[in-house]
Amino acid sequence: HGYQESGCGDVPRSLAARSMTRKGEWRKAAGRILALAALVALALGAKAWSDTMGDPQVLRAQFVHKAMPRGAAPVRIALMSDIHVAGPDMTPARLTRIVGQINALDPDIVLIAGDLVSDKFLSTRVYTPEEIVTPLGKLDAPLGVIAVPGNHDHWYDMPGLAGELKRNGITLLANSAHAAGPLLIGGLDDDYTGRADLAKTLASMESLEGARVLLSHSPDPFPDVPNSVPLVLAGHTHCGQIGYPWGGSPATMSDYGQRYACGRVDEHGKSLFVGAGLGTSVLPMRLFTQAEVWLITLVAPEPRQ
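These numbers were taken from a predicted model, which means no experiment stands behind them.

**What about the state of the cysteines?**
Linking two cysteines covalently via their sulfur atoms produces the bond known as a disulfide.
Then comes step 1: Considering all chains together, one arrives at 1 disulfide under this definition.
Then comes step 2: Put simply, C239 and C262 are joined by a disulfide, and their sulfur atoms are 2.0 Å apart. Judged by the sign of its S-S torsion, about 80°, the bond between C239 and C262 is right-handed. Taken together, the residues C239 in the loop between strand 9 (231-234) and strand 10 (263-267) and C262 in the loop between strand 9 and strand 10 connect sequence positions 23 residues apart.
Then comes step 3: By relative accessible area, which is 10% here, C239 ends up buried.
Then comes step 4: By relative accessible area, C262 is classed as partly exposed at 39%.

**So, the nonpolar core**
Then comes step 1: Grouped together as the largest cluster of nonpolar side chains are 30 residues, with contacts concentrated most on M80, I83, V110, I112, L116, L136 and L139.
Then comes step 2: Breaking this core down by element, the ones donating at least two residues are strand 2 (75-80), helix 2 (92-103), strand 3 (109-112), helix 3 (129-133), strand 4 (145-147), helix 5 (158-167) and strand 12 (292-299).
Then comes step 3: Other than its neighbours up to four places away in sequence, M80 contacts I102, V110, L111, I112, A113, L136, L139 and L278.
Then comes step 4: One finds I77, L183, I185 and L215 within the second-largest nonpolar core, a separate group that totals 25 residues.

**Remarks on the packing of aromatic side chains**
Then comes step 1: Using the criterion set out here, one finds 5 aromatic pairs in the structure.
Then comes step 2: Centre to centre, the rings of F222 and Y260 are 5.5 Å apart; their planes meet at 80°, and the pair counts as edge-to-face. Residue F222 is located in the loop between strand 8 (211-215) and strand 9, and its partner Y260 is located in the loop between strand 9 and strand 10; the two are separated by 38 residues in the primary sequence. Exposure class is identical for F222 and Y260. Each is buried.
Then comes step 3: With a centroid separation of 5.0 Å and 75° between ring planes, the pair formed by F273 and W294 is classed as edge-to-face. Residue F273 is found in strand 11 (residues 270-274), and its partner W294 is found in strand 12; the two are separated by 21 residues along the sequence.
Then comes step 4: For W294, a relative accessible area of 8% corresponds to the buried category.
Then comes step 5: Among the aromatic residues, those joined into a cluster by ring pairs are F222, Y256 and Y260.

**Observations regarding helix 6 (residues 198-206)**
Then comes step 1: Residues L198, T201, L202 and M205 constitute the buried set of helix 6. What you see down the axis of helix 6 is that its buried residues fit within an arc of 95°, all on one side. Among the exposed residues of helix 6, those pointing more than 90 degrees away from its buried face are A199, A203 and E206.
Then comes step 2: Summarising the contacts, the buried residues of helix 6 are in contact with strand 6 (176-180), strand 7 (183-187) and strand 8.

**Comments concerning the environment of I170**
Then comes step 1: Its location among the elements puts I170 in the loop between helix 5 and strand 5 (171-172).
Then comes step 2: The class for I170 is buried, based on a relative accessible area of 6%.
Then comes step 3: Along the backbone, I170 and G54 are 116 residues apart, and their C-alpha atoms lie at a distance of 26 Å.
Then comes step 4: Not counting residues up to four positions away in its chain, the partners in contact with I170 are L136, G137, V145, A147 and L165.

**Describing unusual backbone geometry**
Then comes step 1: Here the residue pair G87 and P88 is connected by a cis peptide bond, since its omega of 10° sits within 30 degrees of zero.
Then comes step 2: Its place among the elements puts P88 in the loop between strand 2 and helix 2.
Then comes step 3: A positive phi angle, close to 60°, is found at D106, a residue other than glycine.
Then comes step 4: In this fold, D106 is placed in the loop between helix 2 and strand 3.
Then comes step 5: Note on D106: relative accessible area 47%, which makes it partly exposed.
Then comes step 6: Positioned with a positive phi, H238 is a non-glycine residue whose angle comes to about 60°.

About the cut-offs
- Residues numbered from 1 in each chain as written.
- Predicted model: local features only at pLDDT ≥ 70, side-chain atom pairs only at ≥ 80, totals over all residues.
- Heavy atoms only, no water.
- Disulfide = S-S within 2.5 Å.
- Helix = DSSP H or I, 4+ residues; strand = E, 2+ residues; numbered from the N terminus.
- Buried < 20%, exposed > 50% of the residue type's maximum accessible area, 1.4 Å probe, protein only.
- Core = buried A, V, L, I, M, F, W, Y, C linked by side-chain atoms within 4.5 Å.
- Contact = heavy atoms within 4.5 Å.
- Phe/Tyr/Trp six-rings, centres within 6.5 Å; stacked < 30°, edge-to-face > 60°.
- Arc of directions from axis to C-beta.

As structure tokens, then:
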């Protein structure tokens, strides 16, 4: 009977002790997991802040334009896009600072591929057309500054923006063309809102001389551009804005998915450059993408031997 009492008393105490030990282990494991999750969240937050608010990367490329006269001096194009002036991330003061950085690149011409303004879900400040455009008036390029409309510009106040662009000496092209030094710039109206008219733009270019360049907010018209216009510059996609760490992104706002989402594409004898833009849309955050400015140097073909 004593043996049974001892056994009956020890077994429950042993099970209870083991149960308490396991609960303690689970609590410690849960604490480690929560601490790790907090560290990951902090790291992602810091990365998102850096990607969103950091100075734009300057991406450099050279493009041999066969229509440039042999022996002609190179022409440096600074490509801006998707400025998206709105609080909290893209204030006029920040844009003024970025304009200074672009001027320091000493471009011959600045091309702006649309979306000057934004309508983020979490906007803390909406600015007037004057506040949005005035910093762009400080861009300094001997061949001028040329812009095309983006979808957000039309949704916001395109007439108001157009008036401010004109007052600041910036040429706005909407299915029209403009000669700038040795270049002939065709500017498409916004394709995303159905306003692009490629045929009208090409017809406008026919009456002018120069090495042809097409400026478009969206990259999607690229497949329909004839080889007589060998260079297309665009934005709109933000390179996904929120991307995967290994590259690519869940959304590009392009009918072609990742095909024309970011960077340089050489296809069928033509080249497309798609910039990641400067600001943000929908959410005031970038992650695993950075603001970009392209500096593309157009050079003439090598002299024939």
